[in-house]
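# Chains, contacts and geometry: an overview
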Amino acid sequence: MASFAFVPFKDLYPDGAFRAGVQWLRDQEGSPLILLDQLGAYSQNEVWQELARDITVASLRTLDQSEWQGGPVVAAWPSEDLLQRISRELSSGRATAVCVLMYGDAAFQDAWLQANKARHAETGAPYEGRAWTLPPVVERAVGWIADTVNQSTGFSHPSDHDKAVLVLEQLRQRGHAFDVQALYARALVNGLQPKPARELSDLADRLAGGSRLRVSNRRLLRSDLVQTWEAEINGG
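Residues numbered from 1 in each chain as written. Predicted model: local features only at pLDDT ≥ 70, side-chain atom pairs only at ≥ 80, totals over all residues. Heavy atoms only, no water.

### What about the overall build of the protein?
For the protein, the count of helices and strands is eleven helices and six strands. Dimensions along the principal axes, computed over C-alpha positions, put the protein at roughly 60 × 35 × 30 Å. Evaluated residue by residue, the protein yields a buried proportion of 48% over its 236 residues. For the protein, contacts bridging at least 24 residues in sequence account for 71% of all contacts bridging at least 6. Accessible surface computed for the protein: about 12200 Å², of which carbon and sulfur atoms make up 45%. Across the protein, the 24 positively charged side chains and the 29 negatively charged ones have centroids separated by 7 Å. (Helix = DSSP H or I, 4+ residues; strand = E, 2+ residues; numbered from the N terminus. Buried < 20%, exposed > 50% of the residue type's maximum accessible area, 1.4 Å probe, protein only. Contact = heavy atoms within 4.5 Å. Areas by Shrake-Rupley, 256 points an atom, 1.4 Å probe, with all protein chains shown as cover. Lys, Arg positive; Asp, Glu negative; His and termini not counted. Charge placed at Lys NZ, Arg CZ, Asp CG, Glu CD.)

As structure tokens, then:
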């Protein structure tokens, strides 16, 4: 099972964070990788280049052409797209451990670290982020969606899109209010990768904003599914 670490943003950014990430990499087994969204800052920083002189350094654009074959990964100040790519590498088994060099306090980063139970790269202390919570019925719905969606296609697949929209519509019709960012975070905890988690939260946000989302097949879902979850949770 992969292990997860983090380097806090405020105290060490950027040189100290990069140094801590390299040290973490050297303590791991396997072929090390430092992954950035872009290589511009790295190519202009001689200190970083010296620290990583024997480590594969790649960007999202160059990773597939790099020599990296699998092993521990430092995600340097990642975007959501970068964490999505790392999630794919974890699913394939190529990434064996991940250390995130944090940047700011973005919700997607916070939720990803919590979902993966990350620990401080130097002290081993567990990551403590925001308390993302959902009402029990909404949490049940998110778990059900995460279990049924095809992760490789996400909600671009018509049937997965329709089921997600129908569940979200039923939640709204039954009066279950929730925070969209919390939905995203709990989707990650329930096993969705960042991209489909974001797609799900975007669907919820559009419905909350009054949009009517197209559904091709309303017979894919029982019309009383959310009501059934309510009865189960309430012991009825």
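### Section: the pattern of salt bridges
This structure, assessed with the given rule, holds twelve salt bridges. Here Arg 85 and Asp 64 are joined by a salt bridge, their closest N and O atoms 2.6 Å apart. Residue Arg 85 is located in helix α5 (residues 80-92), and its partner Asp 64 is located in the loop between β3 (56-59) and β4 (71-76); the two are separated by 21 residues in the primary sequence. Of the charged contacts, one joins Asp 224 and Arg 222 as a salt bridge, the two residues approaching to 3.0 Å between their closest N and O atoms. (Salt bridge = Lys/Arg side-chain N within 4 Å of Asp/Glu carboxyl O.)

### Overview of the packing of α5 against helix α10 (residues 194-208)
Helix-helix packing is characterised by the crossing angle of the two axes and by the distance between the axes. Contact geometry of α5 with α10 gives a least axis separation of 8 Å together with a crossing angle of 130°. Relative to α10, the element α5 is oriented oblique. The residues of α10 that touch α5, namely those facing Glu 80, Leu 83, Gln 84 and Ser 87, are Pro 194, Lys 195, Pro 196 and Arg 198. Of the residues contributing to the contact of α5 with α10, the split by class is three nonpolar, two polar and three charged. (Axes fitted to C-alpha atoms, helices over the stretch in contact; angles between N-to-C directions. Parallel < 35°, antiparallel > 145°, perpendicular 65-115°, else oblique. Nonpolar A, V, L, I, M, F, W, Y, C, P; charged D, E, K, R; others polar.)

### Observations concerning the layout of surface pockets
Counted as a void, the largest pocket has a volume near 210 Å³. Lining the largest pocket are 13 residues, and of these Ser 87, Asn 116, Gly 191, Leu 192 and Gln 193 sit closest to its centre. Among the elements that take part in the lining of the largest pocket, α5 stands out by supplying three residues, more than any other. Looking at side-chain class alone, the lining of the largest pocket contains seven nonpolar, six polar and no charged residues. (1 Å grid on protein atoms, 1.4 Å probe; cavity = no way out; pocket = protein on both sides within 12 Å on 5 of 7 lines; lining within 4 Å. Points joined across faces, edges and corners; volume = space filled by probe spheres on them.)

### Some points on the sheet that holds strand β2 (residues 33-36)
Sheet architecture is open: six strands sit in the order β3-β2-β4-β5-β1-β6, paired in parallel fashion. Since the sheet does not close on itself, it has two edges, and those belong to β3 and β6 (119-120), each with one partner. Across four bridges, β2 lies against β3 in parallel orientation. Each residue of the ladder has a partner; that of Leu 33, found in β3, is Thr 56. On the sheet, α5 packs against β1 (3-7), β2, β4 and β5 (95-101) and is oriented at approximately 160° with respect to β5. (Pairing = 2+ DSSP bridges.)

### Structural notes on helix α11 (residues 225-233)
What α11 keeps buried is the set Leu 225, Val 226, Trp 229 and Glu 230. End-on, the buried residues of α11 take up no more than an arc of 145°, which puts them together on one face. The inward-facing, buried residues of α11 abut α7 (136-148) and α8 (158-173). At the C-terminal side of α11, Gly 235 shows a positive phi close to 75°. (Arc of directions from axis to C-beta.)

### Regarding the pairing of β2
Burial along β2 is two-sided: Leu 33 and Leu 35 facing one way and Ile 34 and Leu 36 facing the other are all buried. As paired strands, β2 and β4 are joined by three bridges and run parallel to one another. When the bridges of β4 are listed, Leu 35 appears paired with Ala 75.

### Things to note about the packing of helix α9 (residues 180-189) against α10
Contact geometry of α9 with α10 gives a least axis separation of 9 Å together with a crossing angle of 150°. Taken together, the axes of α9 and α10 are roughly antiparallel relative to one another. As for how α9 packs across α10, the hand of that crossing is right-handed. Only Pro 194, Ala 197, Arg 198, Leu 200, Ser 201, Ala 204 and Asp 205 of α10 make contact with α9, whose side of the interface consists of Val 180, Gln 181, Leu 183, Tyr 184, Ala 187 and Leu 188. Broken down by class, the residue content of the contact of α9 with α10 amounts to nine nonpolar, two polar and two charged. (Left-handed = near helix turned anticlockwise from the far one by under 90°.)

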